[in-house]
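# An overview of the molecular structure
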Amino acid sequence: MSAHAELFRAIPSTDKSLEALRTALEDREDEEALAILTAPHILLREAVCAFWEGMRTRIRAGRVQSADELSLATCLPKLVHSVARATSPALHRVINASGVVIHTNTGRSVLAREAAAALQLAASGYTTLELDTATGGRGSRNALLSPLLRMLTGAEDALVVNNNAAGVLLVMDTFCRGREAIISRGELVEIGGSFRIPDVMRATGVTLKEVGTTNRTHAEDYEAAICEETAAIVRVHTSNFRIVGFHKAVETSELAGIAHQKGLLLINDLGSGSLIDFSGTGLPGEPTVQQSVTQGSDLVLFSGDKLLGGPQAGLIVGKAELIARLRRNPLLRALRCDKLVYAALEATLRLYLDPARAREKVPTVRAIFATQEELGKRAAILSERIREQAGDACTLSLRTDSSRCGGGAFPEYPLPTVLCCVQPAAMQPDTLRTLLLDQRPVLLGRIEDNAFCLDVRTLQDEDFPVIARLIGRAVHQGQA
Ligand SMILES: *Cc1c(COP(=O)(O)O)cnc(C)c1O
């Protein structure tokens, strides 16, 4: 105990630590030093205290042997690293080499340059978000993108909300509150983060009447379930899993027929929802938004940041009188998007006016369409860049593998790719993976066959030099 007391007394004061940091970093110009030197004082103090608190825990655990281990001279490098981490913003950049295109944990879609530019413009100035330029009076954001979405989807009108879950909530609240909606048992999906679409629906006071079985639902199942209380038939696209084998679902057009015959709505939650047909990539032909409209869905809902490749948003397109009723729901006020989302979404949607342009410019779409041949060439270039930085501290190789769409789109359908594989000479691949997660920017790869692998499908070529530097530094760290 007394030995511990002596060690506790050896811990330098916060003021001494701050002074030592300042002196040590004065002449440095690297990112770490700049981050610390420009950090607000309150964050710095907090970070320094947290560092020494960590040391106290180590002392109590008997992991510190002598006062020397606690001197500023010894601890400075660790203190600098720890303080730089603790004072930097919580949201920072990730280079996604995982090969998962719509990667939920890293923020789903990367915006097109055009969308980022629009975002920048809207962010740094005032906009026409709710300004009627004919009168100078109040306009409405809720009709801002209607002409564009009408043109792209063939629907009569459209509305944009915060995300697709918000769209589901608004539609259910407007048309089904206190009544029944019929849904197939095969479509009661959980979309990740323990988030279940049926729970969102029930939150509005709708009773979900489940029909059919997990693998098979027939037209008669829907017909038999319709009663006085029924407001709508709901279709949820099961985009994040796949039922194979003995499976039957009712076609959207047939379902629309059943609904309309009884004066009910057909609400179609597409989830990912795309304006482009991806069947050319070897992926199964998913219904596009346009097809879902043509097949008779009264309202079609889809995400802005999944296959569409835009900002987080929920898009609702469909019959004009239904969209008008959605606009009158007071809940919309709580679900609306801000000007930044409108700016990025409009710029993204405009690219789709020419589908070839969308394929070239929208990163999510471009990544999904990338061919294995083209990815192989890029992987070879990346490998060469890494070799220049890492020298003999690692072995590099290329191997074929597959990437995934992610974001609940096209599960189980692999996209053929070529991986750049790094085998560090002096550490386990998993140690390299952990080290790279601790770098800024974070480099996210995956372990395959006992190597740290980078999938170029989700990388941008301009990031290759940074990636090479990060890996070079990390593999040399193992040799030091
Ligand atoms: C992803 C998804 C949602 C939720 O969309 P968010 O934009 O994440 O709110 C709803 N329904 C389905 C079928 C989905 O796949």
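Provided above is the structure to which this section pertains.
Report on the accompanying structure. The shown structure was predicted, so the numbers you read here are calculated from the model rather than taken from an experiment. (Residues numbered from 1 in each chain as written. Predicted model: local features only at pLDDT ≥ 70, side-chain atom pairs only at ≥ 80, totals over all residues. Heavy atoms only, no water.)

### Focus on the packing of helix α2 (residues 14-25) against helix α5 (residues 72-87)
Defined as follows: Orientation is described by lines fitted to C-alpha atoms, with helices fitted over the stretch in contact, and by angles between N-to-C directions that extend from 0 to 180 degrees. For the purposes of this entry, the term helix denotes a DSSP run of H or I that reaches at least four residues, the term strand denotes a run of E that reaches at least two, and both are numbered from the N terminus. Should an angle fall under 35 degrees it is taken as roughly parallel, and over 145 as roughly antiparallel, whereas 65 to 115 is taken as roughly perpendicular and any remaining angle as oblique. Only heavy atoms enter the contact rule, under which two residues are in contact if any of them lie within 4.5 Å. Classification convention: Asp, Glu, Lys, Arg as charged; Ala, Val, Leu, Ile, Met, Phe, Trp, Tyr, Cys, Pro as nonpolar; all other residues, Gly among them, as polar.
Between α2 and α5, the shortest axis-to-axis distance is 10 Å and the interhelical angle comes to 80°. Between α2 and α5, the angle is such that the two are roughly perpendicular. Judged by residue contacts, Lys16, Ser17, Ala20, Leu21, Ala24 and Leu25 of α2 engage Leu72, Leu76, Leu79, Val80 and Val83 from α5. Considered class by class, the residues forming the contact of α2 with α5 number nine nonpolar, one polar and one charged.

### Here we look at the environment of Ala334
The topology assignment puts Ala334 in helix α14 (residues 332-335). Expressed as a C-alpha distance, the spacing of Ala334 and Gly478, which sit 144 residues apart in the sequence, is 51 Å.

### Quick look at the pattern of salt bridges
A side chain with one charge can pair with a side chain of the opposite charge if their charged atoms come near. Under the convention used in this document: Salt bridges, as used here, are contacts in which a Lys or Arg side-chain nitrogen is within 4 Å of a carboxyl oxygen on Asp or Glu. Relative accessibility decides the category of a residue: with a 1.4 Å probe and only protein chains considered, values under 20% of the type maximum give buried, values over 50% give exposed, and everything between is partly exposed.
The tally for this structure, following the rule as stated, stands at 31 salt bridges. Note that Lys209 and Glu180 form a salt bridge whose closest N and O atoms lie 3.2 Å from each other. Here Lys209 is found in strand β5 (residues 207-211), whereas its partner Glu180 is found in strand β4 (residues 180-184), with 29 residues between them in sequence. In this structure, Asp199 and Arg202 form a salt bridge, with 3.3 Å as the shortest nitrogen-oxygen distance. Highlighted residues: Asp199 and Arg202, both in helix α9 (residues 197-202), separated by three residues, approximately one helical turn. Residue Asp199 is classed as partly exposed on the basis of its relative accessible area, which comes to 42%. You can call Arg202 partly exposed: its relative accessible area is 37%. Put simply, Arg399, Asp401, Arg446, Glu448, Asp449 and Asp455 are held in one network by salt bridges that share partners.

### Brief notes about the sheet that holds strand β14 (residues 451-455)
Note the following rule: Each pair of strands is called paired provided DSSP finds at least two bridges between the two strands.
Spatial strand order, β2-β10-β11-β14-β13: five strands in an open sheet with mixed pairing. Across the chains shown, the open sheet's two edge strands, defined by having one partner strand only, are β2 (100-102) and β13 (446-448). Averaged over all neighbouring strand pairs, the angle between strand axes comes to 45°, with direction disregarded. As paired elements, strand β10 (residues 394-406) and strand β11 (residues 415-424) share 10 bridges and run antiparallel to each other. Bridge assignment links Arg399 to a residue of β11, and that residue is Leu419. Contacts between helix α18 (residues 372-390) and the sheet are confined to β10, β11 and β14, with β11 contributing the most and set at about 15° to the helix.

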